[in-house]
Amino acid sequence: MISTIKAMSWRMVVAAAAILMVPFAALAGTYNITVDPVVIDTGDFKKDGIGYNGASPGPVLRFKEGEEVTINVKNNLDVSTSIHWHGLILPFQMDGVPTISFDGIKPGETFTYKFPIIQSGTYWYHSHSGFQEPDGAFGAIIIDSKDREPFRYDREYVVQLTDKHPHSGARIMRNLKMSADYYNRVQRTAKDFFADVSKMGLGDTLSDRGDWGQMRMMPTDIEDLQGFTPLINGKGPKQNWTGLFKKGERIRLRFINSSAMTYFDIRIPGMKMLVVNADGNNVQPVKVDEFRIAVAETYDVIVRPDEDKAYTIFAASMGRTAYARGTLAPRIGMSAAIPKLTKSPRLTMADMGMAHEGMDHGSMAGMDHSKMKGMDQSKMKGMDQSKMKGMDHSGHNMPKKPAFYAPGSGLIPKAKNGGKFLSYGDLRAQRPLYKHRKPTREIELRLTGNMERYIWSVNGIKYGDAEPIRLKYGERVRFKFVNETMMTHPMHLHGMWSILDVGAKKWNPVKHVVSVSPGTTVHMETEVDAPGQWAFHCHLSFHAAAGMFRKVIVEGGPKAAMLAR
Amino acid sequence: MQGHGMQGQRMHGGSGANGEPGKKSQVNRTIKVEMHDNFYKPEKFSIKDGETIRFVVANKGRLVHEFNVATRKQHMGHQKEMMMMVEHGVLEPDKINHDKMMMKMPNGETMEHNDPNSVLLEPGKTGEVIWKFSKKVDLEIGCNVPGHYDAGMVSKVTFK
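Quick caveat: nothing in here was measured; it's all calculated off a predicted structure.

**A closer look at the sheet that holds strand E28 (residues 521-527) of chain A**
Residues and elements named next belong to chain A. Read from one edge of the open sheet, six strands run E21-E20-E23-E28-E25-E26, paired in mixed fashion. Of all strands in the sheet, those with a lone pairing partner are strand E21 (455-458) and strand E26 (510-511), marking the two edges. In this structure, strand E20 (residues 441-450) lies alongside strand E23 (residues 476-483), joined through seven bridges in parallel fashion. Counterpart to Leu447 in the pairing with E23 is Asn483.

If you want it as structure tokens, here you go:
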């Protein structure tokens, strides 16, 4: 019992105390949200969707750390709905996942969420029912810190990204199930084939095509949903969302990726960005030229325009099939040049997992290894070593750093201007939330899938057939993600923090989404400090729906921390 | 007592464009400074032209911080050196590895950090800078630990 109490994080103690103190809480706010059918206009097309208080994205909810919030959510749809408060630490009954946290909100009904705000930073909220989130049901959350922030800024903007598709979520899922490459427009063409023949010779070209075919994948499989218009705060590139500033000001931009499926590489030509917060938690400030935002992540950056001119916020999709664009300007109506999209990257054999150390190749279902012998393994090895040496130069006297891309991966990002591209490895907690300690055990989660049938799973088992993951209150679990697919998966654990292992021990950043690239193994640790049951899934909407999803049950824990059922 | 930083005094601003090291016997007044994550208390420094100030600097934060009196240009140069210190493991978020600091760099210089215009402190530590503001130029008191200056841990020195 004593050890259990010791293992409680200060946040848990705060949470328990906050609940006990509800009647005396000085700070309390009531918020009313309606869930409404809306029309979304991207500038390229109009479509029916779902929004909050009559718009998509919904209103920015602004809370204060220490506040007790009451949120009335009225469902004006003709189907059931829900709101999940993404990244918020709260009692599980308030987490908004139908069948796991509650029964959902039926048409015409109002559900009242009530929970204490025990954190600060940038977060978001979205429906956790069906494909309502891809259909537009999301908004931003800002929580002001009770303490002074470790950085200064004069003004702030939410920059919320999404990948708005002309098809409804349900229709997209049907099409993907019918044919996984239904929305893959950058397929290799006959022209590519002949270009490769002249470069590689007919035999190698045929063998290369055979390898990819056996994987049921293509080197262009970076985005399995294409044909969307990226939006910033609900505005398409032509509609040009604009934030105003005065020269010399520090502007805090709160980037939120609310896309269903799309990662973005973000830059503001002519300005450096100081990354100060990731997934709601402050990080030690790091200056970059560009950063990649996984689906469902948030990054806060501070920029300081020192000229009286417009700057373009340019967010290119990871597969370079589309871009979001907005503007920072001293006056309304100004704009700056829009960069051209660079060439689409191609997945490599490294993304197939060939360069993956410690990977159990025997367990890779659906792969024909005899076909893979045709690959030039010696070339791969040569590539590894040169890459590794290049990467290791700064770490000769430090423990081995985890790699967040497979060596030789086609997905390794580079800043367009040759400067600094943010890596997970750069992230350091500004103020660690937990004492660093040895994990009590490790749980391996292989991220698996069958692209041909559009089934995505964990350890080869899809959600419908899987047992829940059982955790014990008070333990610290080390999750080992082994990505055996060729797609990148942003893994999101509800209710508890994901401490991403970047090799910085107590300074490891504390996140709510951990992106796992193809052919890599990534570790995160979780202090199991939230009783109840929680969702744990890939945040790509169609991967989650296709089975890359688990229920987590936390057994034990103090009753005081739980709301009355 | 004067330091020999890895780029010599010119780069660190040991003396020159930003004023000169002050003598203990000539101190006009003492200013107590607290360093937090990532800002100074007080945030503004008002100095009389020619004054010698003794800054007693306490790091009350959780991270290593620097108190450095220099021109903006000198800060920029110093930030590159501090970045190198992080990359070589000399500087950890809350720790200064003094042994590594003495290692020779490829250019033959060490990363020793003891210039008279600055003090680099671990959390909980206190240090002192005695500086003579002999040049009425644009000066900033700033922390050049990577990211801190840009986050706003910098204060303009105004001359009365």
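Continuing now.
**Structural notes on unusual backbone geometry**
The phi torsion of most residues other than glycine is negative, and most of the peptide bonds are trans. For the bond running from Ser56 of chain A to Pro57 of chain A, omega is -5 degrees, close enough to zero to count as cis. As for its position among the elements, Pro57 of chain A is in the loop between strand E2 (46-52) and strand E3 (61-64). A cis amide bond links Lys41 of chain B with the next residue in sequence, Pro42 of chain B, at an omega value of 0 degrees. Along the chain, Pro42 of chain B turns up in the loop between strand E3 (39-41) and strand E4 (45-47). In the Ramachandran plot, Asn53 of chain A falls in the positive-phi region, its phi being about 50 degrees despite a non-glycine side chain. Positionally, Asn53 of chain A belongs in the loop between E2 and E3.

**Digging into the interface of chain B and chain A**
With 11 residues of chain B at the contact, the number on the chain A side is 17 residues. No other element matches helix H4 (residues 148-151) of chain B, which puts three residues into the side of chain B that touches chain A. Among the residues making up the side of chain B that touches chain A, the classes are represented as two nonpolar, five polar and four charged.

**Some points on the confidence of the model for chain A**
Residue and element names in this part refer to chain A. For chain A, per-residue confidence averages 86 on the pLDDT scale, and residues scoring 70 or more make up 80% of the total. Counting contacts from residues 1-25, a segment whose pLDDT is below 50, to residues more than four positions away or on other chains yields 29 contacts. Across residues 355-398, where pLDDT falls below 50, the model places 43 contacts with residues more than four positions away in sequence or in other chains.

**Focus: the nonpolar core**
Core analysis: the largest hydrophobic core is formed by 177 residues, its most contacted members being Ile141, Phe264, Val275, Val301, Ala315 and Phe542 of chain A. Excluding residues that lie within four positions of it along the chain, Phe542 of chain A makes contacts with Ile172, Met173, Leu176, Leu225, Ala260 and Met261 of chain A.

**A word on the sheet that holds strand E8 (residues 138-144) of chain A**
The strands that make up a sheet pair up through hydrogen bonds in the backbone, lying either parallel or antiparallel. All names here are of chain A. Taken in spatial order, the four strands line up as E3-E8-E7-E5 in an open sheet, and their pairing is mixed. Here the strands that pair on one side only, and so sit at the sheet edges, are E3 and strand E5 (84-86). The sheet shows a mean angle of 25 degrees between the axes of neighbouring strands, taken without regard to direction. Note that E3 and E8 share four bridges and pair parallel. Across the sheet, Phe63 pairs through a bridge with Ile143, a residue of E8.

**Quick word on the environment of Lys287 of chain A**
Note that Lys287 of chain A resides in strand E15 (residues 281-288). Look at Lys287 of chain A and you get buried, because 21 C-beta atoms sit within 10 Å. Sequence separation between Lys287 of chain A and Phe421 of chain A is 134 residues; the distance between their C-alpha atoms is 9.2 Å. Those residues within four positions of Lys287 of chain A in sequence are excluded, and the remaining contacts are Lys272, Leu274 and Lys420 of chain A together with Gly147 and Asp150 of chain B.

**Looking at the confidence of the model for chain B**
Low-confidence regions, as indicated by low pLDDT, have predicted coordinates that should not be scrutinised in detail. All names here are of chain B. Per-residue confidence for chain B averages 88 on the pLDDT scale, and 86% of its residues sit at or above 70. Contacts for the low-pLDDT stretch residues 1-11, under 50 throughout, to residues beyond four places or in other chains number 29 contacts. Among the prediction metrics, the complex's ipTM stands at 0.88, with pTM recorded as 0.86.

**With respect to the pairing of strand E27 (residues 513-516) of chain A**
Residues and elements named next belong to chain A. Both faces of E27 are covered, namely the face carrying Val513 and Ser515 and the face carrying Val514 and Val516. Pairing of strand E24 (residues 489-493) with E27, which is carried by four bridges, proceeds in the antiparallel orientation. Residue pairing in the sheet places Met491 in a bridge with Val514 of E27.

**Remarks on the pairing of strand E14 (residues 273-278) of chain A**
Residues and elements named next belong to chain A. Judged by how many residues are buried, E14 sits mostly within the fold: six of six residues are covered. Judged from the five bridges that link them, E14 and E15 form a sheet pairing that is antiparallel. Bridge pairing in E15 places Leu274 opposite Lys287. Linking E14 back to E15 in an antiparallel pair, the connection comprises two residues, with Asp279 at a positive phi of about 55 degrees. Where E14 meets strand E17 (residues 298-303), four bridges bridge the pair, whose relative direction is antiparallel. Across the sheet, residue Ala278 finds its bridge partner in E17, namely Tyr299.

Parameters and conventions
- Residues numbered from 1 in each chain as written.
- Chains lettered and ligands numbered in written order.
- Predicted model: local features only at pLDDT ≥ 70, side-chain atom pairs only at ≥ 80, totals over all residues.
- Pairing = 2+ DSSP bridges.
- Helix = DSSP H or I, 4+ residues; strand = E, 2+ residues; numbered from the N terminus.
- Contact = placed C-beta atoms within 7 Å.
- Nonpolar A, V, L, I, M, F, W, Y, C, P; charged D, E, K, R; others polar.
- pLDDT = per-residue confidence, 0-100.
- Core = buried A, V, L, I, M, F, W, Y, C linked by C-beta atoms within 7 Å.
- Buried ≥ 20, exposed ≤ 12 C-beta atoms within 10 Å, placed from the backbone.
- Axes fitted to C-alpha atoms, helices over the stretch in contact; angles between N-to-C directions.

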